[in-house]
Every structure is written in structure tokens, then in C-alpha cells.
Amino acid sequence: MPEQPISGHPPVSASALLVHRAFLFFLLSRSLSRFSSQIAAVAIGWQIYDLTGSAFDLGMVGLVQFLPTALLVFVAGHAADRFERKRVVQLCQLVEAATALYLAVITYLGAVGEVQIFFATFVLGIAGAFESPTTAALLPAIAPQGSLQRATAVSSGAAQVATITGPALGGFAYAVAPHLAYAVMVLFWIVGMILTGFIRPRPQAIAKEGTETDNIFAGVRFIRSNPAILGTISLDLFAVLFGGVTALLPIYARDILQAGPVGLGVLRAAPAVGALLMTMVLARHAISRHVGLRMFQAVIVFGLATIVFALSSWMWLSVLSLAVLGAADTISVVIRFSLVQLATPDEMRGRVGAVNFLFINASNQLGQFESGVAAALLGAMPAAVLGGVATVAVALLWMKLFPSLRKVESLE
């Protein structure tokens, strides 16, 4: 990874981005997909628990949705590099809309059961396994030259809005009528699919058939041969694996902070609020120097904020530390995404993005598992402190193991 800028194009302002036709359609389409996914998480989770009353079945929903990502990672990445990316995204949104329609109909007819919900969840997982890396690979071909970092920040901000408000919208719709939540998902995915069709990306580079770069595993080989990208992706994996405290929030809300279910809602929203505020800052003021070092610093702040949260017995300090944690994570995410996309040839972005997506999903899922096991063995507070300390240690170790990543000066 060179210490010089990867791109020498002048920066583009956030306001200019929002009037850029292709990016605006991309942003709206991605936001609607994210809203639908958040609504699905609430509606499917509530419905499966209402039907079975089983915490195990509730946990299985996440596993069933994650399995396609693990099984199809290489196929999904190859599809994103072999076919027109916006068409792949549209096909995924169509499949998702059809699946939501299926859930809406059987719920309305009273014919819904556990098996049908798991089947639909698995199909949604398949579509998501293809849609996420393809969408990530599409953004660099849409954002104006020199604006990928700001485009990533704006896109992340829109995703945070969906993360904050999507569950509330899903819960309200489900309370009115369970099938209404699924009907809203159908509408959002159909509109998103139409908007995706209006996107006009720059020409897509496609590897020639039979060449080394056309191989389905070329993305893995590229990551292994590029220390900076390997360091970036693995840093995210281990930082989230050790530093995630989301699974412990119910314990903190009830037993440590005595905040009740309302407090739990506030705690869950705090990281997203912090992330949203930081994306607003990054959209206006891109990080222009020492980006590699800034990424490591952000991960260290993430770990330190985790430690503060772990030791806090005051609600205001816990909320503040979670907001700082979310803001630091956003800095890291924006830099990581921009760095990986800019350093990856266009004809391989889908396969590299698919591996990155797998790592992100695995770190989130395994991170919750790790936090739960550690809390069961050590207690919630020691487990959270240990996770924060481990995150800081990983960041410091990775700075030594991947010096080229630390020395990256600028992105664009």
C-alpha cells in the first residue's frame, strides 16, 4: 500500500454528492433495503417467538440468515464481478420483495408456521449474501472521483438512520397488523429495485474468462498478497469479535444500571446515534492525512470506550461511552471501506467485498457468542472489561504486524 494518495482527484463536497443523480438513487435504494432489513428483524423475531415461545428458536433465526453468507461467499463475490452489478442488486431486491410478500400473505391468512418463517429467513439470507458485496462494489463506480470517503460517510449515515428508526417502524406496523410489517417491506424493496434501475454507474471492468483474475478464489489470493487489505479486514474481525458489548446490554440495563426496558432501548440506540453524528462530521470534513494511523486510533478509542462502559454504574456515562464507541467505529468503518475499495481492482471488488462481508458478519455473530460465554464464566462486567482491553491490544499488535497499513497517508 503506497504512502501517497491512491487517487489525486480533488475532493467533492457533501452537498454536491446529494445532487449527484447516480449517488442519490443509490443512497435512496440502499436506505430502503436497510429499512426493510431492520423491519424484518423485528417482525420475524417477534413472530417466531410469539409462535414458539422458544429462545433457542429466536437465536436460530440469526443463524439461518447467516448460513447463506458463509456458504455462498465465493459464489456471490464472483457474481458481483461477472455480471452487471446494478442488475444483481435489482434481482436480489426482487427476491426479497417476493419473500416478504409470501410472509405477508401467509400471515394474513393465518397459515404461517415456524418452518415457513425459517424458509423465508433463509431465502432473505441468500439474497442478502449477494446484495451486500455487490452494493459495496457498486459504490466506487457511482461516487464522483475523489469523493469515495464522503460518499461512504453519507451512505453509512443513511444506514444508521435506518438502524435507529427501522425497528420502531417495524414494531409499530406489526402492532397494527402483523402482515402490515411485511407489506411495508414489499413496498420498500420494490421501490428500491426501481430506483436501482435509474443508477448509471461508470463502465464496469470484467476479468477475462480463464485468466488468473477470473478465478472464483481470486479475491482471497488478492487479500493474502496485499498486507494492508489483509490487515484492514482482519482488524475489523478481531476488534468487533472482542469488543462487542451488544449482547450484554440487557444485563447492564437490568442488573447494573437498574434502567429497565426503557433504559435498554436508550442503550441500544446510543451507538447508532454516535455513529450518525460522526457520519455528519465526516461528510463535511473528510480525513485527509494519516488515515492509516487514524484508523488504528479509532479502534483504540473503541476499546477504551468499551472499558468505560464496562466499569460505569451511571446511566449518563454508559450512554455517553456507547455513543463515543459508535462514533469511533464509524471512523474506522469509513476508512476501512474506502481503503479496501480504492486499493482493489474494479474487476475483483465483488469477490474481495464478499470476503469482507463474511468477516463482518462472522465478527458480529461470533462476537455476541464470545461476549455471552465470557459473561457466563466471568460475569458481565469482567467480560466487558476484558473485551475492551483485548480490542486495544489487537489494535496495538496490528500496528506492529502491518506497518504498511499504519503508514497509509491519504485515500483520495
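Residues numbered from 1 in each chain as written. Predicted model: local features only at pLDDT ≥ 70, side-chain atom pairs only at ≥ 80, totals over all residues. Heavy atoms only, no water.

The protein chain carries the name MFS transporter in an unreviewed UniProt entry, which gives Bradyrhizobium nanningense as its organism.

J.: How should the overall build of the protein chain be read in this particular structure?
T.: Each helix and strand in the protein chain was counted, giving 16 helices and zero strands. With 412 residues in all, the protein chain has 53% of them scored as buried. Of the contacts made within the protein chain by residues no fewer than 6 positions apart, 87% connect residues no fewer than 24 positions apart. When the accessible area of the protein chain is evaluated, it comes to approximately 17,800 Å², of which 70% is carbon and sulfur surface. (Helix = DSSP H or I, 4+ residues; strand = E, 2+ residues; numbered from the N terminus. Buried < 20%, exposed > 50% of the residue type's maximum accessible area, 1.4 Å probe, protein only. Contact = heavy atoms within 4.5 Å. Areas by Shrake-Rupley, 256 points an atom, 1.4 Å probe, with all protein chains shown as cover.)

J.: Looking at this structure, I do not really get unusual backbone geometry. What am I missing?
T.: Excluding glycine, most residues fall at negative phi; most peptide bonds, likewise, are trans. Even without glycine at this site, Gln258 takes up a positive phi of about 50 degrees. Topologically, Gln258 is positioned in the loop between α10 (249-256) and α11 (260-284). The exposed category is assigned to Gln258, whose relative accessible area is 58%.

J.: Would you take a moment to explain the nonpolar core for this structure?
T.: Buried together is how nonpolar side chains tend to be arranged in soluble globular proteins. Ranked by internal contacts, the top residues of the largest apolar core, which has 48 residues, are Phe23, Phe26, Ile44, Leu139, Ile142, Tyr182 and Met185. At the level of secondary structure, the elements contributing two or more residues to this core comprise α2 (21-52), α3 (55-82), α4 (85-108), α5 (114-138), α6 (148-176) and α7 (178-197). By residue number, the principal contributor to this core is α2, which donates twelve residues. Residue contacts for Ile142: discarding those within four places in its chain leaves His20, Ala22, Phe23, Phe26, Ile199, Pro201 and Arg202. Of all hydrophobic cores here, the second largest spans 26 residues; its members include Met278, Leu282, Ile331 and Val334. (Core = buried A, V, L, I, M, F, W, Y, C linked by side-chain atoms within 4.5 Å.)

J.: For this particular structure, what's the right way to read the UniProt feature "transmembrane region" (unreviewed entry) in the protein chain?
T.: Per the UniProt record, "transmembrane region" (unreviewed entry) is found at residues 58-79, 180-199, 228-253, 265-283, 295-317 and 373-398. Here residues 180-199 runs as 90% helix and 0% strand, with 29 Å between its end C-alpha atoms. Overall, residues 295-317 shows 87% helix and 0% strand. The separation of its end C-alpha atoms is 24 Å. (UniProt positions renumbered as here; feature names shortened; annotations may be inferred.)

J.: Would you mind showing me how to read the packing of α6 against helix α13 (residues 315-343) here?
T.: Direction vectors running N to C along α6 and α13 enclose 130 degrees, while the axes themselves pass 9 Å from each other. In terms of axis orientation, α6 runs oblique to α13. Note on packing geometry: the crossing formed by α6 with α13 is right-handed. For the pair α6 and α13, contact is made by Leu148, Gln149, Thr152, Ala153 and Ser156 and by Val334, Phe337, Ser338, Gln341 and Leu342, respectively. (Axes fitted to C-alpha atoms, helices over the stretch in contact; angles between N-to-C directions. Parallel < 35°, antiparallel > 145°, perpendicular 65-115°, else oblique. Left-handed = near helix turned anticlockwise from the far one by under 90°.)

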